[in-house]
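Next come the chains, spelled out residue by residue.
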Amino acid sequence: IGTCFAFMEKKNEVELGELLLSLNYLPSAGRLNVDVIRAKQLLQTDVSQGSDPFVKIQLVHGLKLVKTKKTSFLRGTIDPFYNESFSFKVPQEELENASLVFTVFGHNMKSSNDFIGRIVIGQYSSGPSESNHWRRMLNTHRTAVEQWHSLRSRAECDRVSPASLEVT
């Protein structure tokens, strides 16, 4: 049963889509740089028009939301290329208490934006893949570390990451 369940769980994650991110930290400047490169196979939120996805990036320090940034939204695609860079001021002594929450939404003109998926990287990572990415970035200062991540449901992120509970 365990093997079957693990397979089912993996299948669900992939259905939400994947996100390619690059992280690097510049200790001398105290800057955490984030590149949202692209996403693929995003869950389609509007069947008639496809999704207009965008990514919200939120810096959480400890359990306090510090900063929110967003990519542009790309019309009618479930495989968007963003290639957008963001920089957050994070002093080196605060880095170990930082988390980045990445939430993918479908932009929706008629109602509020539609949640597609989320991951958390940092102190309160939402899984082993996210923890591994953060650790690799910490070990290679000034070098961009790129990795694909499978998006997770809001409920799953809320269950495993206190940082997810702090954001909308």
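Residues numbered from 1 in each chain as written. Predicted model: local features only at pLDDT ≥ 70, side-chain atom pairs only at ≥ 80, totals over all residues. Heavy atoms only, no water.

> Lay out the pattern of salt bridges in plain terms, naming residues and giving numbers.
Applying the stated criterion to the full structure yields three salt bridges. In this structure, the salt-bridge partner of Asp52 is Arg75, at a minimum N-O distance of 3.4 Å. With Asp52 in the loop between β2 (31-40) and β3 (53-61) and Arg75 in the loop between β4 (64-70) and β5 (81-89), this residue pair connects regions lying 23 residues apart in the sequence. Since its relative accessible area comes to 11%, Asp52 is described here as buried. Between Arg152 and Glu156 there is a salt bridge, with its nearest N and O atoms 2.7 Å apart. With respect to class, Arg152 is no different from Glu156; both count as buried. In this structure, a network of salt bridges that share partners links the residues Glu130, Arg152 and Glu156. (Salt bridge = Lys/Arg side-chain N within 4 Å of Asp/Glu carboxyl O. Helix = DSSP H or I, 4+ residues; strand = E, 2+ residues; numbered from the N terminus. Buried < 20%, exposed > 50% of the residue type's maximum accessible area, 1.4 Å probe, protein only.)

> Describe in detail the environment of His141, supporting the description with residues and values.
Inspection of the secondary structure puts His141 in the loop between α2 (128-139) and β8 (145-150). By relative accessible area, His141 is classed as partly exposed at 24%. The sequence separation of His141 and Leu32 amounts to 109 residues, and the corresponding C-alpha distance is 10.0 Å. Apart from residues no more than four positions distant in its own chain, His141 is found in contact with Tyr25, Pro27 and Gln92. Within the structure, the side chain of His141 is placed 3.0 Å from the backbone oxygen of Leu138, a separation counted as a polar contact. (Contact = heavy atoms within 4.5 Å. Polar contact = N/O pair within 3.5 Å; in protein donor to acceptor, adjacent residues only side chain to side chain.)

> So, the sheet that holds strand β1 (residues 18-26): which residues are in play, and what are the values?
Strand order in the open sheet formed by four strands is β5-β2-β1-β8, and the pairing between neighbours is antiparallel. Of all strands in the sheet, those bounded by a partner on one side alone are β5 and β8. Strand-to-strand, the axes of this sheet are offset by a mean angle of 25 degrees, without reference to chain direction. Pairing analysis gives six bridges linking β1 to β8, with the strands arranged antiparallel. Bridge pairing in β8 places Leu21 opposite Gln147. In the packing of α2 onto the sheet, contacts are made with β1, β2 and β8, and the angle to β8 comes to roughly 170 degrees. (Pairing = 2+ DSSP bridges. Axes fitted to C-alpha atoms, helices over the stretch in contact; angles between N-to-C directions.)

> Break down the environment of Ile119 for me, citing the residues and quoting the values.
Here Ile119 lies in strand β7 (residues 114-122). Linking Ile119 and Phe102, residues 17 residues apart in sequence, is a C-alpha distance of 5.4 Å. Excluding its chain neighbours within four sequence positions, the residues that come into contact with Ile119 are Leu21, Leu100, Val101, Phe102, Ser126, Glu130, His149, Ser150, Leu151, Arg152 and Cys157.

> Would you mind going over the packing of aromatic side chains in detail, with residue names and values included?
A complete count under the given rule lists two aromatic pairs for this structure. Ring centres of Phe54 and Phe105 lie 5.6 Å apart, and the angle between their planes is 25 degrees; this geometry places the pair in the stacked category. Highlighted residues: Phe54 in strand β3 and Phe105 in strand β6 (residues 98-106), separated in sequence by 51 residues. Phe105 shares its class with Phe54; the two are buried. For the ring pair Phe105 and Phe115, a centre distance of 6.2 Å and an interplane angle of 85 degrees mean the geometry is edge-to-face. Taken together, the residues Phe105 in strand β6 and Phe115 in strand β7 connect sequence positions 10 residues apart. Using a relative accessible area of 7% as the deciding quantity, one classes Phe105 as buried. (Phe/Tyr/Trp six-rings, centres within 6.5 Å; stacked < 30°, edge-to-face > 60°.)

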